[in-house]
Amino acid sequence: MRQLLIAFVCFLCMGASVREPEESRPLKGAVVDSEGREAELSEILGGKPSLLMLGYLDCPHLCSWSLATICRSVTELREEVGRDFRVVFLSLDPDESLEELAAERRRLERRYGRGNGSGWRFLKAEEAVVRQVASQVGFGYEAIDGGDFSHPAAFFVVDPQGVAQEAFYGLELPAARLAEAFEAANSGDERSWGEAFLMLCKKYNPLTGGYGREVEATLRVGGGLTLLGLLLGGYWTSRWRRRRWK
């Protein structure tokens, strides 16, 4: 039942997309952290690898699951948040409450239970900065009615120079693969974004929201028909069983 619910949520979120990144250069821009301090994104990302997530805390669908995925994955690592890498959350909503950002940061710090909390950074920024960062890493999103955003589920490993090097699409973030990505980022091994983009095509997960018009349209129709088939199949199976046992 949980898998069916997730599939339905993913179908609703397919208006956004994961795209090929604009270019490989350091992410930068003026940001404000959860404590209200102004900072430069390139300075926050500098010096050690980071795991970057774009989302917003009032998200009714994917973001709470994505943050839980991050916490679960980094807990399994030998490396420690703060000492060896950072976790950086950048809100899609320029009006995101600093109180909410601070509360979510503290909640994840407590759940993680290691280190001094310095490696968890929850940020907000002006829309132009968020759009630029999203474009650079290939994260497509759209503002929709009611103050919400349509967006995919994705995580990005950023190297110590602030350049996004690898992306994880969907709600799976295997700890072993994440450790390899951090090691590659530290060693300066640049992953081919073209190769990663082809991997997305071969290993498409509906949680990503799609990246091409033809693929997205096909998946919308196919996902809708699959969901309808599951519902109708369950209905007719239930009726058949009732008739059989009368």
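Not measured: the values here are computed from a predicted model.

Calculation rules
- Residues numbered from 1 in each chain as written.
- Predicted model: local features only at pLDDT ≥ 70, side-chain atom pairs only at ≥ 80, totals over all residues.
- Heavy atoms only, no water.
- Phe/Tyr/Trp six-rings, centres within 6.5 Å; stacked < 30°, edge-to-face > 60°.
- Helix = DSSP H or I, 4+ residues; strand = E, 2+ residues; numbered from the N terminus.
- Buried < 20%, exposed > 50% of the residue type's maximum accessible area, 1.4 Å probe, protein only.
- Lys NZ or Arg CZ within 6 Å of the ring centre and 35° of its normal.
- Pairing = 2+ DSSP bridges.
- Axes fitted to C-alpha atoms, helices over the stretch in contact; angles between N-to-C directions.
- Contact = heavy atoms within 4.5 Å.
- Core = buried A, V, L, I, M, F, W, Y, C linked by side-chain atoms within 4.5 Å.
- Arc of directions from axis to C-beta.
- Parallel < 35°, antiparallel > 145°, perpendicular 65-115°, else oblique.
- Left-handed = near helix turned anticlockwise from the far one by under 90°.
- Nonpolar A, V, L, I, M, F, W, Y, C, P; charged D, E, K, R; others polar.

**Quick word on the packing of aromatic side chains**
In step 1: Throughout the structure, instances matching the rule amount to seven aromatic pairs.
In step 2: Ring geometry for Phe89 versus Phe122: centroids 5.0 Å apart, planes at 25°, classification stacked. Placement of the pair is Phe89 in strand β5 (residues 86-91) and Phe122 in strand β6 (residues 120-124), with a sequence separation of 33 residues. Exposure class is identical for Phe89 and Phe122. Each is buried.
In step 3: Arranged with centres 6.3 Å apart and planes meeting at 75°, the rings of Phe139 and Phe156 form a pair that is edge-to-face. Residue Phe139 is located in strand β7 (residues 139-140), and its partner Phe156 is located in strand β10 (residues 154-158); the two are separated by 17 residues in the primary sequence.
In step 4: Taking the relative accessible area as the measure of exposure, Phe139 reaches 3% and is therefore buried.
In step 5: An aromatic cluster of at least three residues, connected via ring pairs, comprises Tyr56, Phe139, Tyr141, Phe149 and Phe156.
In step 6: Sitting over the ring of Tyr141, Arg131 keeps its end group 4.0 Å from the ring centre.

**Considerations on the sheet that holds strand β11 (residues 164-169)**
Paired through their backbone hydrogen bonds, the strands of a sheet run either parallel or antiparallel.
In step 1: The mixed open sheet is built from seven strands, whose spatial order is β3-β2-β6-β5-β4-β10-β11. Of all strands in the sheet, those bounded by a partner on one side alone are β3 (38-40) and β11. Mean inter-strand twist for the sheet, computed between neighbouring axes without regard to direction, equals 35°.
In step 2: Two strands pair when backbone bridges link them, and strand β4 (residues 50-55) and β10 are joined in this way by three bridges, in the antiparallel orientation. Directly across from Leu52, in β10, lies its bridge partner Phe156.
In step 3: Where helix α6 (residues 175-187) meets the sheet, it contacts β4, β10 and β11, and its direction lies at approximately 170° from that of β11.

**Some words on the nonpolar core**
In step 1: Leu51, Leu52, Ile70, Val74, Trp120, Phe139 and Leu178 are the most contacted members of the largest nonpolar core, which totals 54 residues.
In step 2: Ignoring anything within four residues of it in the chain, the contact list for Val74 reads Leu51, Glu79, Val81, Phe85, Val87, Tyr112, Arg114, Trp120 and Leu178.

**As for helix α5 (residues 127-137)**
Two residues of an α-helix separated by three or four positions point the same way, owing to the 3.6 residues in each turn.
In step 1: Among all positions of α5, only Val129, Val130, Val133, Ala134, Gln136 and Val137 are buried. For α5, the angular spread of the buried residues around the axis is 160°, confining them to a single face.
In step 2: Looking one or two residues past α5, Gly138 carries a phi angle of roughly 85°, positive in sign.

**Some points on the environment of Arg83**
In step 1: Position of Arg83 relative to the elements: it lies in the loop between α3 (63-75) and β5.
In step 2: Judged by relative accessible area, Arg83 falls into the exposed class, the value being 52%.
In step 3: The spatial distance from the C-alpha of Arg83 to the C-alpha of Lys48 is 8.9 Å, given a sequence separation of 35 residues.
In step 4: Filtering out sequence-adjacent residues up to four positions away, Arg83 remains in contact with Lys48 and Arg78.

**Focus: the packing of α3 against helix α4 (residues 98-112)**
In step 1: Relative orientation of the contacting elements α3 and α4 amounts to 30°, with a least axis distance of 10 Å. In terms of orientation, α3 and α4 fall into the roughly parallel class. Both α3 and α4 take part in a crossing whose hand is right-handed. Facing α3, whose interface residues are Leu67, Ala68, Cys71, Val74 and Thr75, α4 presents Glu104, Leu108, Arg111 and Tyr112.
In step 2: By residue class, the composition of the contact of α3 with α4 is six nonpolar, one polar and two charged.

Remember, this is a structural readout, not a statement about activity or role.
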